[in-house]
Amino acid sequence: MNESVLNSNSIYISQLTPSGRGAIATLLITGDGSVEVVESFFHSASGRSVAELPLGRIAFGRWASDDQHVGEELVICRTAEHEIEVHCHGGQAAIEAIRRSLLQAGCIATTWQDLASTQQRESIETEARIALAEAPTERTAAILLDQMHGALREALESVSIDVAAGRIDAARETLMELGARTESGLHLTTPFSVVLAGPPNVGKSSLINA
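Owing to the predicted nature of the structure, the values given are computational and were not obtained by experimental measurement.

**Overview of the nonpolar core**
Among the nonpolar cores identified, the biggest contains 23 residues, and Trp 63, Ile 76 and Leu 102 are the most heavily contacted of them. Looking at this core, the elements with two or more residues in it are strand S2 (24-30), helix H1 (34-39), strand S4 (58-63), strand S5 (72-80), strand S6 (83-89) and helix H2 (92-104).

See below:
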């Protein structure tokens, strides 16, 4: 599903944690009516309704449909007025059971990347957030985190300010500095593909092992 398909009148479900087996999985349910949908499946151990939960408060309970006497134990958290995170067992069976119940209730499955593209106003910060999830090194993550918090946006805005003020040389210098970092920046997020070729028994394997 791409960004153009998303609209404000639907309720979306997206898995925030990586696919595959894990200890904990996090599903995001977002959209007007998300609280009511989750309410129909989540049975709080405290007896409080989902609508009564304060934002940011974790609630423990069970996830079960009407035809289930015992459901999956999990926790939920309302992170915004129309946004709820469900934290469940990371096994695929548990994830699929919850996802299936939500789909049957009318929710639409999408990726967290598509949600991020529609929820964040700035495209630079959105791209940085998406790339951050797949950062191969700590250095790359640190750079992308700065960009997600507006470092690149602020640099570009300073160029606009300099141009408006007639400081063309300063604007040009900033752009040249940013341009000089392009190749290394692309290398951080998309590592180079390297081929080691040569005739047999010349030391290719030994070089790679070293």
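Continuing now.
**Some words on the confidence of the model for the chain**
Low-pLDDT stretches of the model should not have their predicted coordinates read in fine detail. Residues of the chain with pLDDT of at least 70 account for 90%, and the chain-wide mean is 84. Predicted confidence for residues 1-5 stays below pLDDT 50, and this span has eleven contacts to residues more than four positions away or in other chains.

**Topic: the packing of helix H4 (residues 123-132) against helix H6 (residues 151-164)**
Put simply, H4 and H6 touch, their axes get as near as 9 Å, and they point 150° apart. For the element pair H4 / H6, the angle class is roughly antiparallel. Handedness of the H4/H6 crossing: right-handed. When H4 is examined against H6, the residues Ser 123, Ile 124 and Glu 125 are found in contact with a partner set consisting of Leu 152, Arg 153 and Leu 156. Residue composition of the contact of H4 with H6, by class: three nonpolar, one polar and two charged.

**Quick notes on the environment of Gly 71**
For Gly 71, the location among the structural elements is in the loop between S4 and S5. Sequence separation of Gly 71 and Gly 61 is ten residues, and the distance between their C-alpha atoms is 9.1 Å. Each residue touching Gly 71, except ones within four places of it in the same chain, is listed here: Arg 62, Trp 63 and Ala 64.

**Details of the pattern of salt bridges**
This structure, assessed with the given rule, holds five salt bridges. With its nearest N and O atoms 2.9 Å apart, the salt bridge here joins Arg 62 to Glu 73. One end of the pair, Arg 62, is in strand S4; the other, Glu 73, is in strand S5, with eleven residues separating them in the sequence. A salt bridge links Arg 153 to Glu 125; the shortest N-O distance between them is 4.0 Å. Remark: Glu 125 occurs in helix H4 and Arg 153 occurs in helix H6; sequence separation between them is 28 residues. No difference in accessibility class separates Arg 153 from Glu 125, as the two residues are buried.

**Concerning unusual backbone geometry**
Unusually for a residue other than glycine, Asn 201 sits at a positive phi of about 60°. In this fold, Asn 201 is placed in the loop between helix H8 (182-189) and helix H9 (204-209). By relative accessible area, which is 81% here, Asn 201 ends up exposed.

**Here's the deal with the packing of aromatic side chains**
How two aromatic rings sit relative to each other is set out by the distance from centre to centre and by the angle between their planes. Applying the stated criterion across every chain yields a total of one aromatic pair. Relative to Trp 63, the ring of Phe 41 lies with its centre 5.4 Å away and its plane at 15°, an arrangement referred to as stacked. Here Phe 41 is found in the loop between H1 and strand S3 (42-44), whereas its partner Trp 63 is found in strand S4, with 22 residues between them in sequence. By relative accessible area, which is 10% here, Phe 41 ends up buried.

**Digging into the pairing of S4**
Of the pairings in the sheet, the one linking S3 to S4 comprises three bridges and is antiparallel in character. Each bridged residue has a counterpart across the sheet, and for Ser 44 the counterpart in S4 is Gly 61. Where S4 lies against S5, six bridges are found, and the strand directions are antiparallel. If you follow Gly 61 over to S5, its bridge partner there is Leu 74.

**Points about a nonpolar patch on the surface**
Residues Leu 196, Leu 207 and Ile 208 make up a contiguous nonpolar surface patch of roughly 310 Å² in combined accessible area. Locating Leu 196 in the fold gives a position in the loop between H8 and H9.

**What to know about the environment of Ala 170**
Examined against the element boundaries, Ala 170 turns out to sit in helix H7 (residues 168-180). Linking Ala 170 and Val 159, residues eleven residues apart in sequence, is a C-alpha distance of 7.7 Å.

**Digging into the side chain of Gln 15**
With respect to the helices and strands, the residue Gln 15 is situated in strand S1 (residues 12-15). Note on Gln 15: relative accessible area 15%, which makes it buried. At 3.1 Å, the side chain of Gln 15 forms a polar contact with the side chain of Arg 99. With residues up to four places along the chain from it excluded, the contact list for Gln 15 reads Thr 26, Leu 27, Ile 95, Arg 99 and Trp 112.

What counts and how
- Residues numbered from 1 in each chain as written.
- Predicted model: local features only at pLDDT ≥ 70, side-chain atom pairs only at ≥ 80, totals over all residues.
- Heavy atoms only, no water.
- Core = buried A, V, L, I, M, F, W, Y, C linked by side-chain atoms within 4.5 Å.
- Buried < 20%, exposed > 50% of the residue type's maximum accessible area, 1.4 Å probe, protein only.
- Helix = DSSP H or I, 4+ residues; strand = E, 2+ residues; numbered from the N terminus.
- pLDDT = per-residue confidence, 0-100.
- Contact = heavy atoms within 4.5 Å.
- Axes fitted to C-alpha atoms, helices over the stretch in contact; angles between N-to-C directions.
- Parallel < 35°, antiparallel > 145°, perpendicular 65-115°, else oblique.
- Left-handed = near helix turned anticlockwise from the far one by under 90°.
- Nonpolar A, V, L, I, M, F, W, Y, C, P; charged D, E, K, R; others polar.
- Salt bridge = Lys/Arg side-chain N within 4 Å of Asp/Glu carboxyl O.
- Phe/Tyr/Trp six-rings, centres within 6.5 Å; stacked < 30°, edge-to-face > 60°.
- Pairing = 2+ DSSP bridges.
- Patch = residues over 30% accessible without salt bridge, like charges linked within 9 Å, V, L, I, M, F, W, Y side chains within 5 Å.
- Areas by Shrake-Rupley, 256 points an atom, 1.4 Å probe, with all protein chains shown as cover.
- Polar contact = N/O pair within 3.5 Å; in protein donor to acceptor, adjacent residues only side chain to side chain.

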